Structures are given as C-alpha cells and as structure tokens.
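Next come the chains, spelled out residue by residue.
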Amino acid sequence: MVVIGAGHAGCEAALAASKLGLKTALYTINIDSVAQMSCNPSIGGIAKGHLVREIDALGGVMARVIDRTGIQFRMLNRSKGPAVQAPRAQADRVAYRLEMRRLLEEQEGLQLIQGVVTDILAEKGKVVGVQLKEGERVGARAVIVTTGTFLNGLIHIGLVSYPSGRANEPPSIELSTSLSRLGLSLGRLKTGTPPRLKRESIDFSRFTPQPGDAIPVPFSFTTQGIDRPQIECHLGYTTPKTHHIIRENLDCSPLYTGKIVGIGPRYCPSIEVKVVNFPDKERHQVFLEPEGYHSHEVYANGVANSLPVEVQKRFIRSIRGLEQAEFMRPGYGIEYDFVYPTQLKPSLETKPVEGLFLAGQINGTSGYEEAAAQGLLAGINASLKLSRREPLILKRSEAYIGVLIDDLVTRGTQEPYRIFTSRAEYRLLLRVDNADLRLTEYGHRVGLIDEKRYRRFSKKREEVTSLKRYMTKTDIKFASHDEKGNPRGLKDSYHLTKPTTFAQLLKRPGVSLSDLKPYLPHDAPSTNHPHVETTVETEIKYEGYIRRQLNEAQQLRRMEGRRIPQAFPYHKVPGLSREVVEKLQEVQPHNLGQASRIPGVTPAALSIINIYLRKCKQGEA
C-alpha cells in the first residue's frame, strides 16, 4: 500500500494499514512536517473531541499522542448535558509532530519516505501503483491520498499570491491532473490562518486568563492520568478601531477583490468576513494560545486573515494588550483543490477507480480530527479490501465517524465540512464517555485492538453492566443499618417516604452517583474506573431519552437493511422524477437508509424504490 501525504489523515491511515499486516510506504513532501499543526495547535473540542475518543476506541493513535504532548486540557460544556460535553487540549506543536513521527518510524512494516508523488497509476479501472517526481514507479495494490491543502495550493497574502501547499512548502500540482484524468471531479476550497505573535511582546495583563482543568481528563481510554504542568490561554477582543482598519483595506483583501474563488469555512471565517457580515458587532473574540512549553510563538485564534502584512500589523496592534505585538509569522489564506466526496463509497474508496481511497481535506473537510478519523477508516478499509473482507462502515447511530462519512458520501459538501454535535441525530447515544463501549469491539475484530487492551475493555464493560443492574434492581431498605451510617441517613437526606431503588434516586435533579456511593451496601459492585461511573450515571439519568433514540436507531437499521444492488436501474423505476433519478445515480446509495438522506429524495420516492426492490426480489419487475 502507498499513502500519499503525512498529515493527520495519512499518519492514521499508514499506521492502521501496517498494523494490519500490509507493507506500507508513506510518502511526504517534507519529512520534517509529519503531523504538522499548520493551523490551530489544539486537538478536540465539541464533536471533534468525540471523534478523537472514537479514533482511540478503534485503535488509532491521535488520542495517545495528544495525551503525551498536550500543554492544557479542558472538558468543555461541563455545565451542559452529557451529549455535548467534549475534551479539548492545546498541544505542544513541535512535541506532537515529533511523537507522531516516532510512532511512524518505529512501526514494523511501515516506511516513511520523503518524496513527491506526481501520478496515480491505474489499469482497467484498478490501482496498480504511483509514480514519483524523479520518474520512479512504485507498485501498490491500494493507494490512499491524504494531501490536505497541497493539491494545487495557492497562498494569498494581500494581493500577492504564490503556489504553496503550506507556508514555505511546495504544492502538489501534477496530482490534481492525475485525479482528474482518472475520472474524478474536483472543486476549489479556501482556508486560512492567523498571524503568530512573539510571546514577550504581548501584555497578557490586558487579557482574561483561561486556565485548564485542575484534574486533566485524558483523551485515550488507555491513559491513566496526565501530570504535566499546564499553560494558560488568554481571551481578549477586537476593538472598533480594529474593524475600521479592516474595512478601509478590503480593497487589498483577496477575499473581496475576486482573487480567491474557493469557498471558505462558514463556521470558522476570517476576520474580514466577520467584520463585513456582522457590522453591528463591536467586538470579536481573540484567543491567545501558546504553541508549546519552549516556543515563543503564540497563535492568535479568531483573527485568521489574508490581508497584506502591514495591514495585519496595524489591526493586530489596535487590540488591547497587543499594542507592541511583534510578528513571527503573518497570517495567510490558502486555496486548494478537493474531490467532491459523493464520488466515494462509504468505505472511502473512489467509485471510478478500484483500490484508490481518499481521506482528509481532499474530501472537503476541515480540521485535524475529521482528517484523522477518515484516515483511520481508509487505512482499515483498504486493508480489509486487500484481504477480501467486508469494509467497516459505521452507522450514524454508532459513531460520529459514521455521521461524518455518511454526510460526505451521501450529501456531499460545497464548503469546508466541520463536524458538530447537531449533525448527529442520536447524539445522546454517541457520548465521549461510551466511545469504547460503542467501537472497541470493531477495533478488536479488525485487528487494531490487541488482546491485553481488549481484556481491560471487557472488564470495564462488565463493570458498567453490573453496576447499572445493581442500581436499577436494589431497593434502599429503610429499616436496615450498616456501620457507615445506614440508609436511614439516606432516607432523611433525600426525604424518602416509600421504598426506592438507587437508580430512581439517581434520576433526581442534582443527585450524582458520587453522592450515593457512601450509602451503597457492601455487596454493591465496586469500580475505580471514572468512565464506568460516568457512563452508569448518564445511562440511568437519561434512560427514557436513550431508549427513545435506540428505538429510532433500530428503525434506521431496518431501512439500512434494505440493500440496493450496484448499478440499480433508477431510470426504469416508474414514478421517479428526473431530478430524483439524477441524484440517486450520482450517489449510488447502498441501501434505503442512505437513499433517504440524499437531499431531494422524498419519502414518496423511497416508497416507490422499496416496492420496486420487492418486485425485483419476487421476479415481477
């Protein structure tokens, strides 16, 4: 197997493939930029943290790497419901890159190679290898393309533009031509970064400190704890003067002069877009995020832009606390090619070329976490394909990874795609605390979770089941006492007037499992695993809602059980409009469930297809 690109998608893909027994070559333009955090030096966040936990549960490495190299950890949305709580961590950018490179170089069967792939070789619709810039041909039975922003990359700083895949790194131009020649349609997207500022030039006293959690919560289910010192981030705001400087210089912003044609991220726009689109807003947030323990660079999150450097300096220095700010790197915008993801199967294999898989920003996504999740699944599925096994396709009710990939291959995207909890219909089932309960079985089945880890997971799963059953079936007996202080104290504390189970009491607002632990009888199942208590408490407190979502997920599974054959003749089905036929032929859904999520495919059309499928099965059509 050949993997092209050593960003977050490529690293996960190459490690997964090699661990599953494939001889794997990972090619990168610059071997010193493996797993580079070219934008925000952080991992996780709302929904993104869910992805990282799921990657870990399946046997990927992103969670373990950030646990080893993070410099600030926070569990977001602690005051909100469990469905939207998620971990986030600032990373030591250099340490993260070096730790990932160490894992790659130590992995048996994996070669990390500096080289430029210019062409993907295919014969009779099937991948046979790649060609390097020097002319060498490398044979491969599968190829995974994870090129990030490098495909025809074009950097913009003011009215100056130059080809680049990332600042000071060359773009990949020939590969775009190769993909087009193989029959894939490409589009154009845009993203950008803010300037990096010199730490010593910032007056942090004018900003609000944003500390990490007192007890950091790890990302990986295998990490026992994090004891490294944490660094503060800081929060500040733009000013009316900042906005005035930006408005008066829009004529030299490539976003507003027509130089940039690619569509930028809606949910993480540049500061020019925020100022123009929200003229009544007097200020926008600016987060100062350190790039490492020993780095002097500070990432100015919230002010990504593509203005000229002198304009950047002027508007940055109009922010309180940044009056003397010195630039270490300017911000810039970058345009790049991407492949319309509806041309992919749910396994991330391309439809036109067998054995060719795509993962990461090439599929129209944004973010390290989305890229890593796709890379892991592409590596797994390419390996399964070569061993003639069924692909691993996660359902929307099983994982955020399933939501992400299904959205891409079914609905496509016209802008950089970002995962959100609101995209998941079953988000109460897809919590960060139960990612291993949902997915580790799959990781073990495909071969990425070893026996030692699987035994630990099985023990935890048994503890969850046992404690939940005990809490649900055990009554608090008023008359009985024990040496701790007796359930009569529990009765008095919670004003119990009739026999009540521990689960019923736990469902009360403001009551936590930690409150009830001192009152549990000696025969209660014991656990020292914090994830066990979190999962049990959540599943008991939200039992009714969880049951409802499980029922809905079961209905979806029934629809997804209605398979649609390849090359299904939609044009022959009476009653389907031309528009619906075109959409179905473009996506080629694998089942009725996927067909139901294609924009424009109506319930009536689904009913017609279902009837036609039954007739085909009965030989009547």
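All chains use their own residue numbering, which begins from 1 and follows the written sequence. Selection of residues for local features in this predicted model requires a pLDDT of at least 70, selection of side-chain atom pairs for listing and counting requires 80 or more, and totals for whole chains, interfaces and linings are taken over all residues. As a convention, hydrogens and water are excluded, and side-chain values are obtained from all of the structure's heavy atoms.

(A) Structural view of empty space enclosed by the protein. Only protein atoms enter the 1 Å grid used here. Points where a 1.4 Å probe fits but cannot escape make up a cavity, open sets with protein on both sides within 12 Å along at least five of seven lines make up a pocket, and a residue lines them when an atom lies within 4 Å of a point. Grid points are joined across faces, edges and corners, and a volume is the space filled by probe spheres set on the points. Tallying each qualifying case throughout the model produces one cavity of 30 Å³ or more. Here the largest cavity is characterised by a volume of approximately 30 Å³. Lining the largest cavity are Glu12, Leu15, Ala16, Lys19, Gly59, Gly60, Val61, Leu376 and Leu448. Element by element, the count of residues in the lining of the largest cavity is highest for helix H1 (residues 8-19), at four residues. Within the lining of the largest cavity, the residues separate by chemical class into five nonpolar, two polar and two charged. Numbered from the N terminus, helices here are DSSP runs of H or I no shorter than four residues, and strands are runs of E no shorter than two. For this classification, the nonpolar set comprises Ala, Val, Leu, Ile, Met, Phe, Trp, Tyr, Cys and Pro, the charged set comprises Asp, Glu, Lys and Arg, and every other residue, Gly included, is treated as polar.

(B) Fine view of the sheet that holds strand S4 (residues 70-76). Strand order in the open sheet formed by three strands is S3-S5-S4, with antiparallel pairing between adjacent strands. Strands at the two margins of the open sheet, each flanked by one partner only, are strand S3 (42-44) and S4. Averaged over all adjacent pairs, the angle separating strand axes in this sheet is 15°, with direction ignored. Two strands are said to pair when DSSP picks up at least two bridges between them. Of the pairings in the sheet, the one linking S3 to strand S5 (residues 86-91) comprises three bridges and is antiparallel in character. Orientation is described by axes fitted as lines to C-alpha atoms, over the contacting stretch for helices, and by angles from 0 to 180 degrees between their N-to-C directions.

(C) The pattern of salt bridges, seen in detail. A carboxyl oxygen of Asp or Glu within 4 Å of a side-chain nitrogen of Lys or Arg is what we treat as a salt bridge. Scanning the model with the defined rule gives 41 salt bridges in all. Ionic pairing is found between Arg93 and Glu297, a salt bridge with its closest N-O pair at 3.8 Å. Placement of Arg93 in helix H4 (residues 93-106) and of Glu297 in strand S18 (residues 297-301) is noted, with a sequence separation of 204 residues between them. Neither Arg93 nor Glu297 differs from the other in exposure class; each is buried. Among the ionic contacts, a cluster of salt bridges with common partners joins Arg396, Asp406, Asp407, Arg411, Glu425, Glu560 and Arg597. Note on exposure labels: buried denotes an accessible area under 20% of the residue type's maximum, exposed denotes more than 50%, and partly exposed covers the range between, all computed with a 1.4 Å probe on protein chains only.

(D) Structural context of the sheet that holds strand S13 (residues 186-193). Pairing within the open sheet is antiparallel, and its four strands lie in the order S12-S11-S20-S13. The sheet is open, and its two edges are formed by strand S12 (160-163) and S13, each paired on a single side. Across the sheet, the mean angle separating the axes of adjacent strands is 25° when strand polarity is ignored. Two elements, strand S11 (residues 154-157) and S12, share four bridges in a ladder whose sense is antiparallel. The residue bridging His156 from the neighbouring strand is Ser161, located in S12.

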